[in-house]
Amino acid sequence: MLTHEVEFTPGVSESSILSRVRSFAQGNSLYRQHGYVLDGDDRFYEKAALDSKYVAAMIAFVEEEFGVHVSDCEISEDNLGSLRAVARFVASKQPFAVG
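Reading the values: rules and limits
- Residues numbered from 1 in each chain as written.
- Predicted model: local features only at pLDDT ≥ 70, side-chain atom pairs only at ≥ 80, totals over all residues.
- Heavy atoms only, no water.
- Helix = DSSP H or I, 4+ residues; strand = E, 2+ residues; numbered from the N terminus.
- Polar contact = N/O pair within 3.5 Å; in protein donor to acceptor, adjacent residues only side chain to side chain.
- Contact = heavy atoms within 4.5 Å.
- Salt bridge = Lys/Arg side-chain N within 4 Å of Asp/Glu carboxyl O.
- Buried < 20%, exposed > 50% of the residue type's maximum accessible area, 1.4 Å probe, protein only.
- Expected span 1.5 Å × (residues − 1).
- Phe/Tyr/Trp six-rings, centres within 6.5 Å; stacked < 30°, edge-to-face > 60°.

**Some words on the side chain of Glu 74**
Argument step 1. By the secondary structure assignment, Glu 74 is in the loop between helix 4 (52-66) and helix 5 (77-80).
Argument step 2. A distance of 3.0 Å separates polar atoms of two side chains, one belonging to Glu 74 and the other to Lys 93.
Argument step 3. Sequence-distant contacts of Glu 74, that is, excluding residues within four places in its chain, are made with His 69, Asn 79, Phe 89 and Lys 93.

Below is the structure:
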């Protein structure tokens, strides 16, 4: 028998996540130093020589901004390789994500 009712709220939409990830990347000196404009599907590793500093910064941002834990086995170009990949990854880890 349930004695405590849990209230679920929808997750953040993928488009909202994409916008916030783009703002982070544009405001982060690790990205600005490479001098390129990011499109949603641009692969970070193809557009610039990003290294472990990029990965660490993006993971820290995702975990702090969205409350999503990134495990070692999830650190991949498929999940963190583009703005849209990050947004899709974060949305998939949130319960009840919308749009």
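Right, picking up where we left off after that structure.
**A closer look at the pattern of salt bridges**
Argument step 1. Overall, the coordinates contain 2 salt bridges when judged by the stated rule.
Argument step 2. Notably, a salt bridge pairs Arg 20 with Glu 65, separated by 3.0 Å at the nearest N-O pair. Taken as a pair, Arg 20 in helix 1 (residues 14-27) and Glu 65 in helix 4 lie far apart in primary sequence, 45 residues in all.
Argument step 3. Overall, Arg 20 belongs to the partly exposed group, its relative accessible area being 29%.

**Notes on helix 4**
Argument step 1. The end-to-end C-alpha separation of helix 4 is 21 Å, in line with the 21 Å expected for 15 residues at 1.5 Å each.
Argument step 2. Among the residues making up helix 4, those that are buried are Tyr 54, Val 55, Ala 57, Met 58, Ile 59, Phe 61, Val 62 and Phe 66.

**Observations concerning the packing of aromatic side chains**
Argument step 1. By the definition in use, this model includes 2 aromatic pairs.
Argument step 2. With a centroid separation of 4.3 Å and 15 degrees between ring planes, the pair formed by Phe 24 and Phe 61 is classed as stacked. Of this pair, Phe 24 sits in helix 1 while Phe 61 sits in helix 4, placing them 37 residues apart in sequence. Per residue, the accessibility class of Phe 24 equals that of Phe 61, and both read buried.
Argument step 3. For the pair Phe 61 and Phe 66, a centre-to-centre distance of 5.7 Å together with 90 degrees between the ring planes defines the contact as edge-to-face. When sorted by exposure, Phe 61 lands in the same class as Phe 66, which is buried.
Argument step 4. Ring-pair connections join several aromatic residues into one group, and the members of that group are Phe 24, Phe 61 and Phe 66.

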